[in-house]
Amino acid sequence: MNLIIETPVKQDYLKVKEGFDEKLFTRLSPPFPPVKLIKFDGSKKGDVVSLELNFLLFKQKWTSLITEDQTNEKEFFFVDEGTELPFFLKKWTHKHRIIKKGNQSIIRDEIEYEAPFKIMTWLLYPALWGQFMYRKPIYKNIFA
């Protein structure tokens, strides 16, 4: 299943790139489930990001490896792929794109995911859509 969310922001793409750090990652975490950041290397190929999701009665670890990153005159992007996923995911690939648009940018989240069961993949869509829509006002506020 694919999910794409775009957020226009008012800063240049290279300036936005600089802001994609641990502080931003922490601010983007929604209220539920609470997230504890275990490791944040960054957004370059080979970096690892690991977190713990707290579902109150149980916790789940989520670790992703940055498998690709690139900066050119049109955009900056990096790709994280899940290496240790919570029980409800079988596959996770997230391409974070910051696309130049004049003096401004578009932050584009391109997610490809799969749950262990096809019906669960469909049922996850609204929850994941909501999680990424939660980011839009944060991006707009930070990169105003």
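No experiment lies behind these values; they were computed from the predicted model shown. Residue positions are given per chain, counting from 1 as you read along its sequence in written order. Reporting in this predicted model follows two pLDDT cut-offs: at least 70 for local features of residues, and 80 or more for side-chain atom pairs to be given and counted; totals over whole chains, interfaces and linings ignore these cut-offs and use all residues. Only heavy atoms go into the side-chain values, all of them from the structure, while hydrogens and water stay out.

Student: Help me out: how do you make sense of the packing of aromatic side chains in this one?
Tutor: Two numbers describe a pair of aromatic rings. These are the distance of the centres and the angle of the planes. Working definition: rings of Phe, Tyr and Trp (its six-membered ring) pair if their centres are within 6.5 Å, and the pair is stacked with planes under 30 degrees apart, edge-to-face with planes over 60 apart, and tilted otherwise. A complete count under the given rule lists 13 aromatic pairs for this structure. On the basis of an interplanar angle of 65° and a centroid distance of 5.9 Å, the ring pair of Phe58 and Phe87 is categorised as edge-to-face. Within this pair, whereas Phe58 is found in the loop between β3 (48–54) and β4 (59–71), its partner Phe87 is found in the loop between β5 (75–84) and β6 (91–101), the two being separated by 29 residues in sequence. Three labels apply to residues, based on accessible area from a 1.4 Å probe with only protein chains included: buried if under 20% of the type maximum, exposed if over 50%, partly exposed otherwise in between. Classification of Phe58 as partly exposed rests on a relative accessible area of 38%. With centroids separated by 5.8 Å and ring planes inclined at 40°, the aromatic side chains of Phe76 and Phe78 adopt a geometry described as tilted. Residues Phe76 and Phe78 agree in their burial class; the two are buried. Two conditions define a charge located above a ring, namely a distance within 6 Å from the ring centre to NZ of Lys or CZ of Arg, and an angle within 35 degrees of the ring normal. Across the ring face of Phe77, the terminal group of Lys95 is positioned such that the distance to the ring centre comes to 4.3 Å. Only runs of H or I of at least four residues qualify as helices and only runs of E of at least two qualify as strands under DSSP, and these elements are numbered from the N terminus.

Student: I keep staring at the sheet that holds β5 and nothing clicks. Help me out?
Tutor: Sheet strands associate in pairs through backbone hydrogen bonding, adopting either a parallel or an antiparallel arrangement. A pair of strands is treated as paired once DSSP finds two or more bridges between them. Judged by pairing direction, the sheet is antiparallel, and its seven strands sit side by side in the order β1-β7-β6-β5-β4-β3-β2 without closing on themselves. The open sheet terminates on both sides in strands that have one partner only, identified here as β1 (2–9) and β2 (35–40). When the angles between neighbouring strand axes are averaged without regard to direction, this sheet yields 20°. Pairing of β1 with strand β7 (residues 104–114) involves eight bridges; the strand directions are antiparallel. What sits directly across from Ile5, in β7, is Asp109. The strands touched by helix α3 (residues 118–133) within the sheet are β1, β6 and β7, with β1 carrying the most contacts at an inclination of about 10°. Residues count as neighbours in contact if any of their non-hydrogen atoms are within 4.5 Å of one another. To get an axis, a line is fitted to the C-alpha atoms, and for a helix only the part in contact is used. The angle between two axes follows their N-to-C directions and goes from 0 to 180 degrees. Its contacts with the sheet put helix α4 (residues 135–142) on β1, β6 and β7, and the angle it makes with β1 is roughly 25°.

Student: Can you walk me through the environment of Asn54 in this structure?
Tutor: Tracing the backbone through its elements, the reader meets Asn54 in strand β3. For the pair Asn54 and Pro33, spaced 21 residues apart in sequence, the C-alpha to C-alpha distance is 5.6 Å. When sequence neighbours within four positions are dropped, the list of residues in contact with Asn54 reads Phe32, Pro33, Pro34 and Lys59. For this analysis, a polar contact is any N or O atom pair within 3.5 Å, provided that within protein one partner can donate a hydrogen and the other can accept it, and provided that sequence-adjacent residues contribute only side-chain to side-chain pairs. At 2.8 Å, the side chain of Asn54 forms a polar contact with the backbone nitrogen of Leu56.

Student: What am I meant to see in the pattern of salt bridges here?
Tutor: If the charged atoms of two oppositely charged side chains come close together, the side chains can form a pair. For this analysis, a salt bridge means a side-chain nitrogen from Lys or Arg found within 4 Å of a carboxyl oxygen belonging to Asp or Glu. Counted by the stated rule, this structure contains 10 salt bridges. Across the salt bridge formed by Lys90 and Glu114, the nearest N and O atoms sit 3.0 Å from each other. Placement of the pair is Lys90 in the loop between β5 and β6 and Glu114 in strand β7, with a sequence separation of 24 residues. Under the relative-accessibility criterion, Lys90 is labelled exposed at 52%. A relative accessible area of 31% places Glu114 in the partly exposed class. Here the salt bridges share partners, and the residues they tie into one network are Glu6, Glu75, Arg97, Arg108 and Glu110.

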